[in-house]
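Each chain, written out:
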Amino acid sequence: MSKIKERNIVLVIALLSYFLTALCASVVITGLTKIAADLNLNQIQLSWVQNAYGLTFGSFILLSGRLSDAFGRKRILNLALIIFGVSSIFTGVTSSAAIMIIARALQGIGAAILAPTSMALLMDYFEGPELVKALAWYSSISGLGSSIGLVLGGVLASYVSWRVGFYINVPVAAMMLWLSFKVLKTTPVTHQRFDIMGTVFSILGSAALVYAVNGAKNIWLFLIIALVVFALLLRTESKSQFPIMPLQIFHSKTRVYAYIVRALLVGSMMGFWFYISEFLQEYYHYTPLMAGIGFLPMTVTLFLTAVAVPRIVEKWGNRYTLSVAALVMLVGFIWIVLWRNGGYWFSVAIPMLFFGVGQGLGLTPDTNLGIAHVSVENTGVASGLVNTAHQLGSVLGVAVMISIASATVHAGDMFNEFHMAMIVGLVLTVVYTVITFLVPKDES
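Residues numbered from 1 in each chain as written. Predicted model: local features only at pLDDT ≥ 70, side-chain atom pairs only at ≥ 80, totals over all residues. Heavy atoms only, no water.

Located in the positive-phi region is N40, a residue other than glycine, with phi close to 55°. Note on placement: N40 falls in the loop between α2 (32-39) and α3 (43-71). Judged by relative accessible area, which is 67%, N40 ranks as exposed. For H285, which is not glycine, the phi dihedral falls at a positive 60°. Along the chain, the position of H285 falls in the loop between α11 (253-282) and α12 (288-293). (Helix = DSSP H or I, 4+ residues; strand = E, 2+ residues; numbered from the N terminus. Buried < 20%, exposed > 50% of the residue type's maximum accessible area, 1.4 Å probe, protein only.)

Below is the structure:
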């Protein structure tokens, strides 16, 4: 097999991996009503159909990044695909609330392993401008997967069955598993001691943080637990000979700023996605299918910008491209906050155009900065941290928007609740826009 063909197949595997993780998170959203009716779920059980996926996804990413470094990309990717495929079958066939939630949690674990491992694969097989191009496609595929998931979930829930949304993961995962066995190189296992305590602390700390903002009744208790556990993690990693999260990763200001920007950017956008889906259905009375289609202005511009971004990064550089992306996002949030009474096309579709361009421009250079100058043995860890910032940022962003909007607006006032959430998104965008200008020029 030629080297070019081999790299193309690796790119397909990586893109499909990330696409599946995003699709699986969003395909449920527009089908939640049907799922609740078919399985007789109460509101708490229904919320955990979504929360279980996000909880395990956010909790296991740090571990997953180190696993692929220690045991090889191929072994860990194959393990992830098997977990993801089997759990998708159980999610689709079950009529039990408990099994549904457990299966969704297993899907989250599979997704947590897939995301950093697939990115690390790109870093193994590509370099230079080809790596920039591959990472551009990789960064854009999450937004595309989420958008397609919303539309697909609405179509399946309305005309077929929400179960099909989980079944389609199985043949795709099986095909990827076959490609992995056929193409990927098997690398030797590194015979180093595994950081057991660091692993335990990373999982418990991430889980406590995600649960605190996405389901816990006593939020402050779990936030304190998360902070204590993360402090123990840092202490453990500073003394470990083979840490799960090498602290030298954070010696670069560039990488640290990239992780912060990633969390805030994704947080603001996931908050928008969460509210706009409900807003279109409750305020504009869109069907689930029409609400999914309503995302197309953002989906199309995101895709087109992602196609062009490798050339843009090559010409402008990562730091400048990321700053321009942040400014474009800022214009989108200012627009949606100031012009909120113009109907879908003026008040929603136009800001979506800015959001699509901003995400398409921003995610790739942010990824590049987040993995900049890492040693070969730590590429999985750096990839894991980019994905950790992405996942935890999405959960925290939605939680902050919900908390502030709920506390300041009367229940049931969707119009003003949406407006307040967008103000929060604007504030988050201002913060990360400023941070993009702090990235050191010599490291970018």
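What follows covers the packing of helix α13 (residues 296-316) against helix α14 (residues 318-338). Running from N to C, α13 and α14 point in directions that differ by 120°, and their axes come no closer than 7 Å. Looking at the two axes, α13 sits oblique to α14. In this structure, α13 uses V309, I312, V313 and W316 to contact α14, whose residues at the interface are N318, Y320, T321 and V324. Looking at side-chain class alone, the contact of α13 with α14 contains six nonpolar, two polar and no charged residues. (Axes fitted to C-alpha atoms, helices over the stretch in contact; angles between N-to-C directions. Parallel < 35°, antiparallel > 145°, perpendicular 65-115°, else oblique. Contact = heavy atoms within 4.5 Å. Nonpolar A, V, L, I, M, F, W, Y, C, P; charged D, E, K, R; others polar.)

Predicted coordinates in regions of low pLDDT should not be interpreted in detail. Overall, the prediction assigns the protein a mean pLDDT of 84, with 95% of residues at 70 or greater. α14 holds the highest mean pLDDT among the elements of the protein, 94, whereas α12 holds the lowest, 74. (pLDDT = per-residue confidence, 0-100.)

Looking now at the packing of α11 against α14. For any two helices packed against each other, one specifies the inter-axial angle together with the distance between the axes. Between α11 and α14, the least distance of the axes is 12 Å, while the angle of their chain directions is 30°. In this view, α11 runs roughly parallel relative to α14, as classed from their interaxial angle. When you trace α11 past α14, the crossing you get is left-handed. Facing α11, whose interface residues are V261, S268, M269 and F272, α14 presents L322, M329, F333 and I336. Per-class residue counts for the contact of α11 with α14 are seven nonpolar, one polar and no charged. (Left-handed = near helix turned anticlockwise from the far one by under 90°.)

Moving on to the environment of Q281. Tracing the chain through its elements places Q281 in helix α11. For Q281, a relative accessible area of 27% puts it in the partly exposed group. Linking Q281 and A291, residues 10 residues apart in sequence, is a C-alpha distance of 6.4 Å.

For the rest of this paragraph, the subject is the nonpolar core. In terms of nonpolar packing, the biggest core is built from 62 residues, with L122 and F126 touching the most fellow members. What F126 contacts, discounting residues up to four positions off in sequence, is R7, V10, L11, L131 and A134. Membership of the second largest hydrophobic core comes to 43 residues, among which are F279, L330, V337 and L428. (Core = buried A, V, L, I, M, F, W, Y, C linked by side-chain atoms within 4.5 Å.)

Examined against the element boundaries, T91 turns out to sit in helix α4 (residues 73-93). Here the side chain of T91 touches S87 through a polar contact of 2.6 Å, landing on its backbone oxygen. Discounting chain neighbours no more than four positions away, the residues touching T91 are M100, A103, R104, Q107, W162 and F166. (Polar contact = N/O pair within 3.5 Å; in protein donor to acceptor, adjacent residues only side chain to side chain.)

So, about the packing of aromatic side chains. One pass over the structure, following the stated rule, counts 19 aromatic pairs. Aromatic pair W316 and Y320: ring centres 5.4 Å apart, planes at 80°, arrangement edge-to-face. Its relative accessible area of 38% is what places W316 among the partly exposed residues. The exposure class of Y320 is partly exposed, given its relative accessible area of 48%. Between Y344 and W345, the ring centres sit 5.0 Å apart and the planes meet at 75°, which makes this aromatic pair edge-to-face. Through successive ring pairs, a cluster of aromatic residues spans F279, Y283, Y284, Y286, Y344, W345, F415 and F418. (Phe/Tyr/Trp six-rings, centres within 6.5 Å; stacked < 30°, edge-to-face > 60°.)

Before going further, it helps to examine the pattern of salt bridges. For the structure shown, the criterion picks out three salt bridges. When the shortest N-O distance is used, the salt bridge between K185 and E6 registers 3.4 Å. With K185 in the loop between α8 (169-183) and α9 (196-213) and E6 in helix α1 (residues 3-26), this residue pair connects regions lying 179 residues apart in the sequence. Ionic pairing is found between D366 and R262, a salt bridge with its closest N-O pair at 3.4 Å. Of the two residues, D366 sits in helix α15 (residues 343-370) while R262 sits in helix α11, which places them 104 residues apart along the sequence. (Salt bridge = Lys/Arg side-chain N within 4 Å of Asp/Glu carboxyl O.)

Moving on, we come to α8. With 15 residues, α8 ought to run about 21 Å at 1.5 Å a step, and its terminal C-alpha atoms sit 21 Å apart, in line with that. Taken together, the buried positions of α8 are N169, A173, M176, L177, L179, S180 and V183. When α8 is viewed along its axis, its buried side chains cluster within an angular range of 165° and face the same direction. Of the residues in α8, the exposed ones pointing more than 90 degrees away from the buried face are P171, W178, F181 and K182. Here the buried face of α8 lies against α1, α4, α5 (97-125) and α7 (164-167). (Expected span 1.5 Å × (residues − 1). Arc of directions from axis to C-beta.)

Right, let's talk about the environment of Y283 for a bit. Structurally, Y283 can be placed in the loop between α11 and α12. For Y283, a relative accessible area of 37% puts it in the partly exposed group. Taking the C-alpha atoms as reference points, Y283 and S142, separated by 141 residues in sequence, lie 27 Å from one another. Dropping the residues within four chain positions of it, Y283 is found in contact with E278 and F415.

With that settled, the discussion passes to the side chain of N78. Tracing the backbone shows N78 in helix α4. Taking the relative accessible area as the measure of exposure, N78 reaches 8% and is therefore buried. The contact partners of N78, leaving out residues within four places of it in the chain, are L177, S180 and F181.

On the surface, a cluster of nonpolar side chains totalling about 590 Å² of accessible area is made up of I82, V86, I89, F90, V93, I99 and Y167. A per-element tally of the nonpolar patch places α4 first, with five residues. (Patch = residues over 30% accessible without salt bridge, like charges linked within 9 Å, V, L, I, M, F, W, Y side chains within 5 Å. Areas by Shrake-Rupley, 256 points an atom, 1.4 Å probe, with all protein chains shown as cover.)

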